[in-house]
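# Structural overview
The chain contents come next:
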Amino acid sequence: MKIRYLHTMVRVLDLDKAMDFFRLLGLEETRRIENEKGRFTLVFMAPPDQPDCPVELTYNWDGDAGLPSDSRHFGHLAYRVGNIYELCQKLMDAGVTINRPPRDGHMAFVRSPDNISIELLQEGEHLPPQEPWASMPNTGHW
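Residue positions are given per chain, counting from 1 as you read along its sequence in written order. Thresholds applied to this predicted model are a pLDDT of at least 70 for local features of residues and 80 or more for the giving and counting of side-chain atom pairs; totals over whole chains, interfaces and linings are not thresholded and use all residues. Side-chain metrics in this entry use all non-hydrogen atoms of the structure; hydrogen atoms and water are not considered.

An unreviewed UniProt entry lists the chain under the name Lactoylglutathione lyase, from Paracoccus sulfuroxidans.

## Focus on the side chain of T41
Secondary structure elements follow DSSP: runs of H or I no shorter than four residues count as helices, runs of E no shorter than two count as strands, and numbering proceeds from the N terminus. As for its placement among the helices and strands, T41 is situated in strand β3 (residues 40–46). For T41, a relative accessible area of 3% corresponds to the buried category. Once residues lying within four places of it in the same chain are set aside, the contact partners of T41 are L15, R32, I33, E34, L57, T58, Y59 and W61. Think of it in three bands: with a 1.4 Å probe and only protein chains considered, a residue is buried below 20% of the maximum accessible area for its type, exposed above 50%, and partly exposed in between. Between two residues, a contact is recorded if the distance between any of their heavy atoms is within 4.5 Å.

## Here we look at the nonpolar core
Of all hydrophobic cores here, the largest spans 31 residues; its most connected members are F22, L25, V55, L57, Y79, I118 and L120. Listed by contribution, the elements that provide at least two residues to this core are β1 (8–12), α1 (15–24), β3, β4 (55–60), β5 (77–81), α2 (84–93), β7 (107–111) and β8 (117–122). Residue ranges for the domains originate in an automatic or database domain assignment. Shared between two domains, this core takes at least three residues from each, and those domains are domain 1 (1–61) and domain 2 (70–141). Excluding residues that lie within four positions of it along the chain, L25 makes contacts with Y79, L87, L91, I118 and L120. Residues enter a nonpolar core if they are buried and are Ala, Val, Leu, Ile, Met, Phe, Trp, Tyr or Cys, with the set joined through side-chain atoms within 4.5 Å.

Here's what the structure looks like:
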């Protein structure tokens, strides 16, 4: 039996805000579908060197009363990053809350504007503990 990963779909309330967030992570738009009959837009975003691993942002033109919720029925999205400290600082500078700081130099969690849990994992070996991350407490949950 052959199987191939296609994408992860998440619903978003504000397409521009969601796209801005995923751009902060380094993703780029790879494809867009506007469906007037269904009244929705699908935007696929992926790391520049991995166009075959997108996240699909689904935006319903007439709103989505179920969002944002704290439901984590799909778990989270995970991305391996070149320098977890640099990316977390970039996200913080842009106003993103670091829910689980990279105290161990290896793993952090943040949430998108639509409450989507995002895991960030350091590529290769853990980075040495570094402030302010090493002593930063968790904020909220992930």
